[in-house]
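Survey of secondary and tertiary structure
Here's the letter readout for the chains.
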Amino acid sequence: MIAPSVLSFDHSDLKSPVVELLSAGAQLIHLDVMDGQFVPPITIGAGVAKGLRSLGDFTLEAHLMTLTPEAHFETFAEAGCQRIIFHVEATNHAYRLAQSIRSMGLQAGIALNPGTTAEVIESILDVVDEVLVMTVNPGWGGQEFIHSTMAKVAWIRERAPDILIEVDGGIDSETLLIARQHGANRFVVGSYLTKGGSIGDAYRRLQALCG
Ligand code: DX5
Ligand code: ZN
């Protein structure tokens, strides 16, 4: 499944591209939340999540690229997110934080930077619904896919055959297939959606590749 990210859209009008994606069949929207601390840029907060939530019945996932991720769980839950993904590098207590997201009735995801090994999250696989493998350095859209992250995807897939593995960064029609071959089954797509043609067409093109 494709997880369109709103990061590369015009932030003064996020509604129009999301409406276009929903009418192209998107069932999921990925929100890149950056705090200017864990990563240099500051992007969007729960107010945007709440505004987009009112546009329809779809899954909203918050990818928290923040320090103290637990400080934001409740706000994004209240804003209508069904899945909260936080970075293992941002806490010493990933197991407890994943449990606390689940105790709120939400799905929990753990994200890994390109420089973090998969072994770090092996012992929390039983409390997360998904692993998000960053295939670029977090912080910016439009970067080049880092191929060496694929070994990590394959490693996780071997240990957790049924878990959702989401890849995030540099996904296009070629890298999507590479990531899929290594075991990824969800693909965050940002800048590809804005490169020529309509957002809806780009979405449909990639979704068709997912089979
Ligand atoms: C990067 C974000 C990604 C980003 C992907 O820190 O987590 O979700 O939007 O953008 P592209 O697809 O342009 O790499
Ligand atoms: Zn993301």
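Everything that follows concerns the structure shown earlier in this document.
Quick summary incoming for the structure in this document.

About the criteria used
Residues numbered from 1 in each chain as written. Chains lettered and ligands numbered in written order. Predicted model: local features only at pLDDT ≥ 70, side-chain atom pairs only at ≥ 80, totals over all residues. Heavy atoms only, no water. Donors = N, O, S within 2.8 Å, 3.2 Å for Na, K, Ca; no water. Tetrahedral: all angles 85-135°; square planar, octahedral: opposite > 155°, others 65-115°. Buried < 20%, exposed > 50% of the residue type's maximum accessible area, 1.4 Å probe, protein only. Near = heavy atom within 4 Å. Polar contact = N/O pair within 3.5 Å; in protein donor to acceptor, adjacent residues only side chain to side chain. Areas by Shrake-Rupley, 256 points an atom, 1.4 Å probe, with all protein chains shown as cover. 1 Å grid on protein atoms, 1.4 Å probe; cavity = no way out; pocket = protein on both sides within 12 Å on 5 of 7 lines; lining within 4 Å. Sits in = over half its atoms within 2 Å of the grid points. Helix = DSSP H or I, 4+ residues; strand = E, 2+ residues; numbered from the N terminus. Expected span 1.5 Å × (residues − 1). Arc of directions from axis to C-beta. Contact = heavy atoms within 4.5 Å. Pairing = 2+ DSSP bridges. Axes fitted to C-alpha atoms, helices over the stretch in contact; angles between N-to-C directions. Salt bridge = Lys/Arg side-chain N within 4 Å of Asp/Glu carboxyl O.

1. Details of the coordination of the zinc ion (ligand 2)
- On the protein side, the zinc ion (ligand 2) has His-30 (NE2), Asp-32 (OD), His-63 (ND1) and Asp-168 (OD) as donor atoms, found 2.0 to 2.3 Å from it.
- Classification of the site at the zinc ion (ligand 2) rests on its 6 donor atoms, whose angles at the metal span 67 to 167 degrees, yielding the label octahedral.
- The exposure class assigned to His-30 is buried, which follows from its relative accessible area of 0%.
- A residue is classified by how much of its surface remains accessible, and Asp-32, at 6% relative accessible area, is buried.

2. Structural notes on the site of ligand 1
- Close to ligand 1 lie 20 residues, the nearest being Asp-32, Gly-139, Gly-142, Asp-168 and Ser-191.
- One nitrogen or oxygen atom from the main chain of Gly-142 is found 2.7 Å from an oxygen atom belonging to ligand 1.
- Within the complex, the protein chains bury 99% of what would otherwise be the 380 Å² of accessible surface of ligand 1.
- If you map ligand 1 onto the pockets, it falls in the largest pocket.
- Those elements that provide at least two residues to the shell around ligand 1 are strand 2 (28-34), strand 3 (59-65) and strand 8 (186-189).
- Residue contributions to the shell around ligand 1 peak at 3 residues, all from strand 2.

3. A closer look at helix 7 (residues 199-210)
- End to end, helix 7 covers 17 Å across 12 residues, agreeing with the expected 16 Å (1.5 Å per residue, within 8%).
- Ile-199, Gly-200, Ala-202, Tyr-203, Leu-206 and Cys-210 are the residues of helix 7 that are buried. The buried residues of helix 7 occupy one face: seen down the axis, they fall within an arc of 160 degrees.
- Those residues of helix 7 that are buried are in contact with strand 1 (2-4), helix 1 (15-23), helix 6 (173-181) and strand 8.
- Looking one or two residues past helix 7, Gly-211 carries a phi angle of roughly 80 degrees, positive in sign.

4. Topic: helix 4 (residues 94-103)
- For helix 4, every residue scored as buried is listed here: Ala-94, Leu-97, Ala-98 and Ile-101. Angularly, the buried residues of helix 4 cover 100 degrees about the axis, an arc narrow enough to put them on a single face. Turned more than 90 degrees away from the buried face of helix 4, the exposed residues are Arg-96 and Ser-103.
- The inward-facing, buried residues of helix 4 contact helix 3 (73-78), strand 4 (83-87) and strand 5 (107-112).
- A positive phi of about 85 degrees marks Gly-105, the residue just after helix 4.

5. As for the side chain of Glu-166
- Following the sequence through the fold, Glu-166 ends up in strand 7 (residues 164-168).
- On the basis of relative accessible area, Glu-166 is assigned to the buried category, the value being 0%.

6. Re the sheet that holds strand 7
- One open sheet holds the 8 strands; their spatial order is 1-8-7-6-5-4-3-2, and the pairing between them is parallel. Only two strands of the sheet have a single partner each, and these edge strands are strand 1 and strand 2. Across this sheet, the average inter-strand angle for adjacent strands is 25 degrees, counted without regard to direction.
- Pairing of strand 7 with strand 8 involves 3 bridges; the strand directions are parallel. Bridge pairing links Glu-166 to Arg-186 in strand 8.

7. Re the pattern of salt bridges
- Per the stated rule, a full pass over the model turns up 8 salt bridges.
- Two residues, Glu-61 and Arg-83, come together in a salt bridge whose shortest N-O distance is 2.8 Å. A residue pair is termed long-range when its members are at least 10 positions apart, and Glu-61 in strand 3 and Arg-83 in strand 4 qualify at 22 residues. The burial state of Glu-61 is the same as that of Arg-83; both residues are buried.

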